[in-house]
Amino acid sequence: MARLTIAVVVAAVTLCTFVAPGNDMETLHCVTAGCLILAFSFGPLLRGAQPRPRWVAQMASGLCLLPALLPWPSTLALGPFDTLDFLYFTSYALLFTWLVLLSRRLGSERGPYTALDALAATVGVALGVWTWALAPVANGALLPSGLVWAAYPVADVLVFVLCVHLGLRRGGFNPALNWLMAALTVQFFLDGYYAYTEVMLLRGRLPDAEAGYLVSYLCLALAATHPSVVQLGTYAGGPDKHRSGRGPALILFTISPVLLAAAVQVTGILDMVVRVTLITLQLALLFVRLSWTMAALTQAETQSHHRATHDPLTGLVNRASLMEEIDRRIKFAAESSHGSAAIYLDCDNFKYVNDTWGHGAGDVLLQDIASRVKARLGPDVVFARFGGDEFVILTPTDSAAEAMKLADRVLECFQEPLRIGPHSAHRLSPSIGVAVVAPEESVTGDELLGRADAAMYEAKQLGRGRCVLFGEELATRTRYTAAVGARLHEAISNKSFTLQLQPIMGGTNYTRLIGWESLARWRDPELGEVSPKVFIPLAEQHGLIGELGDFMLRQACLELARLRAAMPGHAPQVSVNISPAQLLQPDFVQTVREALSAAGLAGGALKLEITETLLIDRGAGVVEALEEVRRQGTGVCIDDFGSGYATLETLLRLPIDSVKLDKSLIDRLCIDDAAPRQIRAVIDLLASLGIHNVVAEGVETPQQSQLLQQLGCPMVQGWLYGRPMSPHDLLASAQLSAQGGDPVASPAPNAAADG
């Protein structure tokens, strides 16, 4: 409201000065102008503009205008310059300095362009003013005075260009900057008007527009007192919506004056020299500006293409660019005599680095891998980051042996610990798969990478930290695995899986039946008998393991209920393997309850077996789920204990009541003198933690059984005590046993254990 009132007062004073000029109105004009100039000078500092030293130049530029309102004797002049000229041009210089300081505070990535644009605009305005106003009197005595008058609109344009640049640099034009540019626009037209009247000797024949400067001062005051004035030196934080106006503005102030100068008739030698000089300078500036712009566009295009085709972390080729290069090279190989090889590299246990030291350490490690491996590769080799901790090398090759040599050189890069920080390192191993395509082979890039990926996965299965070549045997297994995966969903939907039970024995000489471990089996009409080692990992990969696991859990409970009914006086348990995905389902505990309830069993009839790997990668809900099933009486068992993952901290934290010793430990009993002591130590450790239910898996020989009895292992499982059998056969055996026939579990010595 106050600003509106001031604007009305200024408009009234301006109108009165135009309508009824006189000494009184001239005094009122000066007083009003002085108040507006004071507001412009001190407004930002009163608003708290920071840092203050940068705003001193703005305040001084306003204060230089105050003496200009006073009458000065004409004797205080220096050539064509009088006192007012010195004051005004000093104000321009200070205003120029202030705008430059604000722009530098924001950072000047467009510094050369801004200086060039400002210079071109200034030269353009100077050329226009010369052609329009000064050329007609170029040979007269008034020329020096005319040059002074013509410098005013040129200075207005120069400061205006700096205001535009400031708005572009800060990412937006706020109200204070808009008012400042409005003031310069008004001043430009007024200065141009007076320059024309003075040069053309029209003073007195055209109306006096002195009162119009009040409008310019009003805009300056509004700019300096607006709350947004303190934000002129800060980044607006938004996209620049005004940058598109830079081109038309440059055309207006640069090209138009050149066209005007070329169209207006030359008045003499001096006029010709001045015009040619200014036009040549302007064209040179425009040529340099165009050259810089084209160079910047080329650089921007190069950078944009690099960002689109390279990984930002490692600087390597990214996945999309790699796929294009693979297809191109395979097509070229078909037309030449050279083959191609893809080397697929995956870091073993990379998650441990991120979990232990943070993702920043993982990023440093990936950068170190990229640097080391790249140094080992030749110029024709493409090295790409395929995603996460996976890398792919694409190289021309004439043989598989040559590709394997390159893979071995890559493997050597991991012999020294990798950087994870400025003063820390970590030793990491890679699993590497190699696939070679001959020139005559017709394969796609996806197929080649699929082969290399399969070989890499095989390397992980064989023990990690090694290279595996994709060969015919692996190709056969890969095709078989693909076929299994294609039929898996249908098999689960049709409940084509069956159940087999393997006995767990305990008591004296392991003669008492404790229970059974349930094992999933699948016989496909086309594929035949499919091993659990094949379909269970595939079910996990395809997200089907939860559905399969729930089905097998319900079936195991139902079959146990039937067996208990056929064995009066006995209460065996059933152990069911649980996958990580299954355990992490929100309704897992409810599923266990429903399976037990449907079979009419209590919670103690069921034991859930979980792998050590699950314990390493457990989620937030794993402990809660296990504790919940324990509260209903269901047992929790660690399977494959001793395979190298579980820790003492795992045994202490999780609700565990039994452990199964891995078959690899049992196999060493009769061939390694240290194995009995080690197993004894494990059993004693578990007992000290309150875990007395220990099962030795994979017992195949009487010698192993005898040693385990001596070591105090309470329970055993293996083909020595019974092979996996269908529930139907077990029911028949139970009925025969009840009639005094053969036992429930028939021994099968010297047979390989099945899982």
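Here the structure is a predicted model, which means the values were calculated and not measured.

**Some details on the overall build of the protein**
Phase 1 of the analysis: Within the protein, the secondary structure is distributed over 27 helices and 18 strands.
Phase 2 of the analysis: Total accessible area on the protein is roughly 36500 Å²; 60% of this is exposed by carbon and sulfur atoms.

**With respect to the confidence of the model for the protein**
Phase 1 of the analysis: Averaged over the protein, the pLDDT score is 83; the fraction of residues at 70 or greater is 86%.
Phase 2 of the analysis: Considering each helix and strand of the protein separately, the mean pLDDT is smallest for helix α21 (residues 612-616), with a value of 57, and largest for strand β18 (residues 715-717), with 96.
Phase 3 of the analysis: Low pLDDT, under 50, characterises residues 746-755; the stretch is placed with 31 contacts to residues that sit more than four places away or in other chains.

**Let's talk about the sheet that holds strand β3 (residues 339-347)**
Hydrogen bonding along the main chain pairs the strands of a sheet, whether they run parallel or antiparallel.
Phase 1 of the analysis: Strand order across the open sheet formed by five strands is β4-β5-β3-β8-β9, with mixed pairing between neighbours. Looking at which strands have only one partner, the edges of the open sheet turn out to be β4 (382-387) and β9 (467-469). When strand polarity is set aside, the average angle formed by the axes of neighbouring strands in this sheet is 20°.
Phase 2 of the analysis: Alignment of strand β8 (residues 430-437) against β9, held across three bridges, turns out to be parallel. Among the inter-strand pairings, Val-434 is bridged to a residue of β9, identified as Leu-469.
Phase 3 of the analysis: Contacts from helix α13 (residues 359-376) reach β3, β4 and β5 (390-397) within the one sheet, and its direction differs from that of β4 by about 160°.
Phase 4 of the analysis: Where helix α14 (residues 400-412) meets the sheet, its contacts fall on β3, β5, β8 and β9, and the angle it forms with β8 comes to roughly 160°.

**Thoughts on the packing of helix α12 (residues 350-357) against α13**
Phase 1 of the analysis: Running from N to C, α12 and α13 point in directions that differ by 135°, and their axes come no closer than 6 Å. By the angle between their directions, the pair α12 and α13 is classed as oblique. Across from Phe-350, Val-353, Asn-354 and Trp-357 in α12, the residues of α13 making contact are His-359, Ala-361, Gly-362, Leu-365 and Leu-366.
Phase 2 of the analysis: Class assignment of the residues belonging to the contact of α12 with α13 gives a composition of six nonpolar, three polar and no charged.

**Examining the side chain of Thr-309**
Phase 1 of the analysis: Looking at where Thr-309 falls in the secondary structure, it is placed in helix α10 (residues 269-309).
Phase 2 of the analysis: A relative accessible area of 13% means that Thr-309 is categorised as buried.
Phase 3 of the analysis: Separated by 2.9 Å, the side chains of Thr-309 and His-310 make a polar contact.
Phase 4 of the analysis: Those residues in contact with Thr-309 that sit more than four places away from it in its chain are Leu-316, Val-317, Asn-318 and Ser-321.

**A word on the side chain of Asp-368**
Phase 1 of the analysis: Its place among the elements puts Asp-368 in helix α13.
Phase 2 of the analysis: A relative accessible area of 8% places Asp-368 in the buried class.

**Regarding a negative patch on the surface**
Phase 1 of the analysis: Together, Glu-324, Asp-327, Asp-446 and Glu-447 line one region of the surface with negative charge.
Phase 2 of the analysis: Of all the elements in the fold, those that place two or more residues in the negative patch are α11 (319-334) and α15 (445-461).
Phase 3 of the analysis: Relative to the helices and strands, Glu-324 is located in helix α11.
Phase 4 of the analysis: By relative accessible area, Glu-324 is classed as exposed at 59%.

**Some thoughts on α12**
Phase 1 of the analysis: The complete set of buried residues in α12 reads Phe-350, Val-353 and Asn-354. End-on, the buried residues of α12 take up no more than an arc of 90°, which puts them together on one face.
Phase 2 of the analysis: In the core, the buried residues of α12 are packed alongside β3, α13, β6 (418-421) and β7 (424-426).
Phase 3 of the analysis: Immediately beyond the C-terminal end of α12, within one or two residues, lies Gly-358, with a positive phi of roughly 100°.

**Some points on the pairing of β5**
Phase 1 of the analysis: The element β5 is extensively covered by neighbouring structure, given that six of its eight residues are classed as buried.
Phase 2 of the analysis: Pairing analysis gives eight bridges linking β3 to β5, with the strands arranged antiparallel. Bridge pairing in β5 places Asp-346 opposite Glu-390.
Phase 3 of the analysis: In this sheet, β5 lies alongside β4 in antiparallel orientation, the contact comprising five bridges. For Val-382, the partnering residue across the bridge sits in β5 and is Leu-394.
Phase 4 of the analysis: Remark: two residues form the turn of the hairpin made by β4 and β5, two consecutive strands paired antiparallel; Gly-388 in that turn has positive phi of roughly 60°.

**Observations concerning the packing of helix α16 (residues 472-493) against helix α17 (residues 532-541)**
Phase 1 of the analysis: Between α16 and α17, the least distance of the axes is 10 Å, while the angle of their chain directions is 60°. The orientation of α16 relative to α17 falls into the category oblique. When the axes of α16 and α17 are compared, the crossing they make is right-handed. Counting all contacts with α16, which are made through Tyr-480, Thr-481, Val-484, Gly-485 and Leu-488, the residues of α17 involved are Val-534, Phe-535, Leu-538 and Ala-539.
Phase 2 of the analysis: When grouped by side-chain class, the residues that make up the contact of α16 with α17 number seven nonpolar, two polar and no charged.

**Considering the packing of aromatic side chains**
Phase 1 of the analysis: Inspection of every chain in the model, using the stated rule, returns 15 aromatic pairs.
Phase 2 of the analysis: Ring centres 5.3 Å apart and planes at 55° place the aromatic pair Trp-55 and Trp-98 in the tilted group. Of this pair, Trp-55 sits in helix α3 (residues 52-63) while Trp-98 sits in helix α4 (residues 83-106), and the two are 43 residues apart along the sequence.
Phase 3 of the analysis: Using a relative accessible area of 1% as the deciding quantity, one classes Trp-55 as buried.
Phase 4 of the analysis: For Trp-98, a relative accessible area of 3% puts it in the buried group.

Scoring rules and cut-offs
- Residues numbered from 1 in each chain as written.
- Predicted model: local features only at pLDDT ≥ 70, side-chain atom pairs only at ≥ 80, totals over all residues.
- Heavy atoms only, no water.
- Helix = DSSP H or I, 4+ residues; strand = E, 2+ residues; numbered from the N terminus.
- Areas by Shrake-Rupley, 256 points an atom, 1.4 Å probe, with all protein chains shown as cover.
- pLDDT = per-residue confidence, 0-100.
- Contact = heavy atoms within 4.5 Å.
- Pairing = 2+ DSSP bridges.
- Axes fitted to C-alpha atoms, helices over the stretch in contact; angles between N-to-C directions.
- Parallel < 35°, antiparallel > 145°, perpendicular 65-115°, else oblique.
- Nonpolar A, V, L, I, M, F, W, Y, C, P; charged D, E, K, R; others polar.
- Buried < 20%, exposed > 50% of the residue type's maximum accessible area, 1.4 Å probe, protein only.
- Polar contact = N/O pair within 3.5 Å; in protein donor to acceptor, adjacent residues only side chain to side chain.
- Patch = residues over 30% accessible without salt bridge, like charges linked within 9 Å, V, L, I, M, F, W, Y side chains within 5 Å.
- Salt bridge = Lys/Arg side-chain N within 4 Å of Asp/Glu carboxyl O.
- Lys, Arg positive; Asp, Glu negative; His and termini not counted.
- Charge placed at Lys NZ, Arg CZ, Asp CG, Glu CD.
- Arc of directions from axis to C-beta.
- Left-handed = near helix turned anticlockwise from the far one by under 90°.
- Phe/Tyr/Trp six-rings, centres within 6.5 Å; stacked < 30°, edge-to-face > 60°.

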